[in-house]
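Observations on the model geometry
Given next are the chains, with one letter for each unit.
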There are 2 protein chains.
Amino acid sequence: MNIHSIETTAILTDSGNKRVHIIDATIKLISEYGFHGTPISMIAQEAGVGAGTIYRYFKDKDTLVLEIFKQVNGDFKKTLLHEYDADQPIRDRFLHLCRGIFQYGMKNPYEFKFIEQFYNSPYGTTLRRDNIFCNCGDTGQDLPLEQVFAAGQAQQLIKELPLAALIALAIGPIVFLVKDSIAGLIQLDEATVNATLAACWDAVCQMPANK
Amino acid sequence: MNIHSIETTAILTDSGNKRVHIIDATIKLISEYGFHGTPISMIAQEAGVGAGTIYRYFKDKDTLVLEIFKQVNGDFKKTLLHEYDADQPIRDRFLHLCRGIFQYGMKNPYEFKFIEQFYNSPYGTTLRRDNIFCNCGDTGQDLPLEQVFAAGQAQQLIKELPLAALIALAIGPIVFLVKDSIAGLIQLDEATVNATLAACWDAVCQMPANK
DNA sequence: ACAGGCGGAATGAACATTCACTCCATAGAA
DNA sequence: TTCTATGGAGTGAATGTTCATTCCGCCTGT
């Protein structure tokens, strides 16, 4: 019975893992080859399951990817808010969020590239457009970065630029750098990262005396 | 004979256009749907030619895309150097190049996204890695942005950051903004563009008194 | 014994590439 | 000038492959 219960647990665990394996494999492969570039058969092999098994967990390939996106994107946003303190000064909040994006990308390269891929796909673009024009987004608010910028502009700390431009100045370099780092094109030490994040602040900051 | 020569010219012209039509269609469709997302049949239809005709001009799909990339990427670099004056001050050169990238993207959205797609594909990543590790690139030097940064650092005008970080700070926001603009997510007026480019300078600039 | 999860062969659709054919401008014969 | 032969561009149906999805036995836990 002892052995038996262990076996049962192991099996249940493994059974529960099957879905996870499929998801992990999908994230990894799609982040590298894109949606149309990764066949179900490849996902099945990477996950160590039969192709048919995938359809026990997900209706079809589209659903698989969409569900994964929702989950990963949600986790990502949650991660960003970890230890985030809305009472800190603007600059600290800004750096905390930017660093969060960077660290998430470095720790979760597949998820990071997966999100990127999705946002740049026709589906992702449509989703973003809908979120902007009718603000009835299912996930609610967007990045708290918006709030930081709004508060910063009220204090005349942040440049008077459209929100989209500020976001581009803050996130653009980070995405760029993380992608190059993931691709193995560069190697970043912590000092460089800190200096680069500070430079992002310089970009959005109003005052010359910004340190 | 008059009529005859006109006909001949027209035919030659149209024949010459066929290759161009194929290339244009490929850029447009791949920029939107990606390599694996655009079948040859779709390219043929968009180009107004038979599917077989494409293979009269290009060996296969890979070759088609690779040749287009070389051409488009070359045109892009050439465009950047248009009216570029290496004797101008560092900041002016920096802004000229950044503005060039931005304007190219706005004028050639399909080409811009096509280049992006390519660089983010496994093939493009490999190509960039090879270009970095053995500097025997076929196209020779990279963006003159590198030279601007090197010269700027010598004058203590530019932050002491690795080249990759500086490039990310300069180009990241522009790529980000152009993509959003192409997707119709934002509308940019010239004042905003100028202010954003100036902000990119703030990011890479050493001195607080940067204007 | 049996219900249900599972793998992977089976299926039909979609794809990249090929090929046999059409069409037409030109060259040369009459 | 007119007729005909020729070659090469252009086509799209045919081919073989790969894909997403389905289906059917097997195997395992109960």
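Residues numbered from 1 in each chain as written. Chains lettered and ligands numbered in written order. Predicted model: local features only at pLDDT ≥ 70, side-chain atom pairs only at ≥ 80, totals over all residues. Heavy atoms only, no water.

**Some remarks on the overall build of chain A**
Where we set the bar: We count a stretch as a helix when DSSP gives it H or I for four or more residues in a row; a strand needs E for two or more, and each element gets its number in order from the N terminus. The classification of residues rests on relative accessible area computed with a 1.4 Å probe and restricted to protein chains. Under 20% of the type maximum is buried, over 50% is exposed, and intermediate values are partly exposed.
A count of helical and extended segments in chain A gives 10 helices and zero strands. Ordered by position from the N terminus, the helices and strands of chain A form the series α-α-α-α-α-α-α-α-α-α. Expressed as a percentage of the 211 residues in chain A, the buried residues total 43%.

**Some thoughts on the protein's contact with DNA strand C**
To be explicit about the condition: Only heavy atoms are used to decide nearness, and a residue is near a molecule or strand if one of them lies within 4 Å of it. Polar contact criterion, stated in full: a pair of N or O atoms within 3.5 Å, where within protein one must be able to donate a hydrogen and the other to accept it, and residues adjacent in sequence count only if both atoms are side-chain atoms. Asp, Glu, Lys and Arg are counted as charged, while Ala, Val, Leu, Ile, Met, Phe, Trp, Tyr, Cys and Pro are counted as nonpolar; the rest, among them Gly, fall into the polar class.
Lining the immediate surroundings of DNA strand C are 20 residues, of which T53(A), R56(A), I40(B), Y55(B) and K61(B) lie closest. In the interface set of DNA strand C, defined as its atoms within 4 Å of the protein, sugar plus phosphate atoms amount to 75%. One of the backbone N or O atoms of G52(A) is found 3.3 Å from a base nitrogen in DNA strand C. Counting residues per element, the ones that place at least two in the surface near DNA strand C are α1 (2-33) and α3 (51-57) of chain A together with α1 (2-33) and α3 (51-57) of chain B. Counting residues per element, the surface near DNA strand C draws most heavily on α3(A), at five residues. Taken together, the residues of the surface near DNA strand C break down into seven nonpolar, nine polar and four charged.

**A word on the confidence of the model for chain A**
Residues and elements named next belong to chain A. Here is the rule: pLDDT gives the predictor's per-residue confidence on a scale running from 0 to 100. Every residue pair with non-hydrogen atoms within 4.5 Å of one another is taken to be in contact.
Residues at a pLDDT of 70 or more form 85% of chain A, whose mean pLDDT is 89. Of all secondary-structure elements in chain A, the lowest mean pLDDT belongs to α1, at 70, while helix α10 (residues 190-204) reaches the highest, 98. Per-residue pLDDT stays below 50 along residues 1-13; that stretch engages in zero contacts with residues further than four places along the chain or on separate chains.

**A few points about the nonpolar core**
Note the following rule: For our purposes a nonpolar core is just a set of buried Ala, Val, Leu, Ile, Met, Phe, Trp, Tyr and Cys residues, chained together by side-chain atoms within 4.5 Å.
By size, the foremost hydrophobic cluster in this structure holds 115 residues, and its most contacted members are F94(A), F149(A), F94(B), F149(B) and I171(B). For F94(A), the residues in contact, after removing those within four places along its chain, are L145(A), V148(A), F149(A), A170(A), L197(A), C200(A), W201(A) and V204(A).

**Section: the packing of α10(A) against helix α10 (residues 190-204) of chain B**
Heads up, the condition is: Angles run from 0 to 180 degrees between N-to-C directions of axes, and those axes are lines fitted to C-alpha atoms, restricted for helices to the stretch in contact. Handedness of each helix crossing follows the sense of rotation of the near helix against the far helix: counterclockwise by less than a right angle gives left-handed, clockwise gives right-handed.
Viewed as axis vectors pointing N to C, α10(A) and α10(B) meet at an angle of 145°, and their least axial separation amounts to 7 Å. In this structure, α10(A) crosses over α10(B), and the sense of that crossing is right-handed. Contacts from A199(A), D202(A) and A203(A) of α10(A) reach α10(B) at A199(B), D202(B) and A203(B). Here the contact of α10(A) with α10(B) is composed, by residue class, of four nonpolar, no polar and two charged.

**Some details on the interface of chain B and chain A**
Let me state the cut-off plainly: A quick way to say it: buried area is the sum, across both parts, of accessible area lost when two parts are put together, with a 1.4 Å probe. Whenever a carboxyl oxygen of Asp or Glu lies within 4 Å of a side-chain nitrogen of Lys or Arg, that contact is scored as a salt bridge.
Listed per partner, the contact involves 39 residues of chain B and 39 residues of chain A. Between chain B and chain A lies a buried interface of about 3200 Å² when both sides are counted; carbon and sulfur atoms form 69% of it. Connecting chain B to chain A are four salt bridges. The shortest N-O distance in the salt bridge between R128(B) and D180(A) comes to 2.8 Å. By residue number, the principal contributor to the side of chain B that touches chain A is helix α9 (residues 163-182) of chain B, which donates 12 residues.

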